[in-house]
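Breakdown of the fold
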Amino acid sequence: MSDQARPLVLSAPRPRTLELIFAPEALARLRDENEVLEVEPEDIAGLDPVILGRVRYLIGQPALSPDTVAAMASLRCIFNVEGNLLDNMPYEHLFARGVHVVTTSQVFAEPVAEIGLGLALDLARGITDADLAFRQGRELWGAEGNASARLLSGADIGFIGFGDLGNALNRLLQGFRARVRAFDPWLPPSVLRENGVEPASLDEVLLGSDFVFVVASVTSENRGLLDARSFASMRKGAALILLSRAGVVDFDALMDAVRSGHILAASDVFPEEPPAKDHPVRSLPGFLRSAHRAGALDIAFKRMGDMVLEDMALMDRGLPPMRCKRAERETVSRMRSKPVERN
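All values derive from a computational prediction rather than experimental measurement.

Thresholds, definitions, all that
Residues numbered from 1 in each chain as written. Predicted model: local features only at pLDDT ≥ 70, side-chain atom pairs only at ≥ 80, totals over all residues. Heavy atoms only, no water. Core = buried A, V, L, I, M, F, W, Y, C linked by side-chain atoms within 4.5 Å. Buried < 20%, exposed > 50% of the residue type's maximum accessible area, 1.4 Å probe, protein only. Helix = DSSP H or I, 4+ residues; strand = E, 2+ residues; numbered from the N terminus. Contact = heavy atoms within 4.5 Å. Phe/Tyr/Trp six-rings, centres within 6.5 Å; stacked < 30°, edge-to-face > 60°. Lys NZ or Arg CZ within 6 Å of the ring centre and 35° of its normal. Disulfide = S-S within 2.5 Å. Pairing = 2+ DSSP bridges. Axes fitted to C-alpha atoms, helices over the stretch in contact; angles between N-to-C directions.

Grouped together as the largest cluster of nonpolar side chains are 56 residues, with contacts concentrated most on F22, F159, F211, F213, I241 and L243. Per element, the largest residue contribution to this core is 9 residues, and it comes from helix α6 (residues 109-125). When near neighbours in sequence (up to four residues on either side) are disregarded, F213 contacts G116, A120, I157, G158, F159, I160, L169, L173, I241 and L243. Counting 30 residues, the second-largest nonpolar core is a separate cluster that includes M234, V249, M255 and L284.

All right, on to the packing of aromatic side chains then. Evaluation of the coordinates by the stated rule reveals 8 aromatic pairs. Judged by centre distance (5.9 Å) and plane angle (85°), the rings of F108 and F301 are edge-to-face. Remark: F301 occurs in helix α13 (residues 298-316) and F108 occurs in the loop between β5 (100-103) and α6; sequence separation between them is 193 residues. Given a relative accessible area of 10%, F301 falls into the buried group. Of the aromatic side chains, those joined through ring pairs into one cluster are F159, F162 and F213. Here the guanidinium or amino end of R150 rests over the ring plane of F211, the centre of that ring lying 5.8 Å away.

In protein chemistry, a disulfide is the covalent bond that joins the sulfur atoms of two cysteines. Applying the stated criterion across every chain yields a total of 0 disulfides. The cysteine C77 is free of any disulfide, with C324 supplying the nearest cysteine sulfur at 6.9 Å.

Within the open sheet, the 7 strands sit side by side as β8-β7-β6-β9-β10-β11-β12. Their pairing is parallel. The open sheet has two edge strands with one neighbour each: β8 (198-199) and β12 (287-289). Across 3 bridges, strand β11 (residues 264-267) lies against β12 in parallel orientation. From the neighbouring strand, A265 faces β12, where its bridge partner is F287. Here α6 sits on the sheet and contacts β9 (211-214), β10 (239-242), β11 and β12; the angle it forms with β10, its principal contact strand, is near 155°.

By themselves these figures say nothing about function.
Listed below in structure tokens is the structure:
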């Protein structure tokens, strides 16, 4: 089959690469079934109009102007493979034309949920601190080493946000017989109840939880949502586990709350990544750190490619995408969980 007869796929997945997203056999299939043109995101607007007019699928999340979108007369779907929907393209134009915008972000839900559970157990039982003490010959044995330990089983657990990540984490917590509350203003209470979770206000989650998991995407409405007052309202000794984006919290206020001994915290994300070598979070007692690695597993990346291929096959048959998560007209422009700029 000639290139002109095959669908044209425009590939601009930075910060990902096709080799990261697709297993070798899947990448071979992508290139066998389609004409694939790989470009840098900033070069798309300058492509020949004839080429732009032939693009059926775009893999990536580049900034697109209304004029560039208008030139893509054959476009059916934009596959966001970074994981965060960005306010960087004219969604109203795309939706008006029936162009799908989808994200593969759900591939990260299980990996991040698992590390979130691990961080919570570590904070509850002091696993990392006990290991470091043992290495340094200052370990405390038996009950003496459990002065501040607690059980996750039977605890009061709160979620801030309850999307794909919240669902995945809630499934992992089922065996702990916990009471789980969730605050998510974008979901009706019935959805939470159907998942065995009690709908709650933000204050109810903060005041009534031994462990608070922050799993909400950053939006135009919740940046800096959790501030000094929020942390002060939490139970003394409670643990906050930040898994989504640092923009949801006032990070300095979070560190102050941990420094005071009022709460414990763990985070896989930070306002700047990596933090400066002398950043106080690096040496803050009571703060468990993870270097934005929760979801970065090869198996998760490769699932992205499989999802893209499955949805392309559906759309080639005139059907809607089913594997990737579609952007919603009412909420996509509110998303602010853009990739963190790394130093």
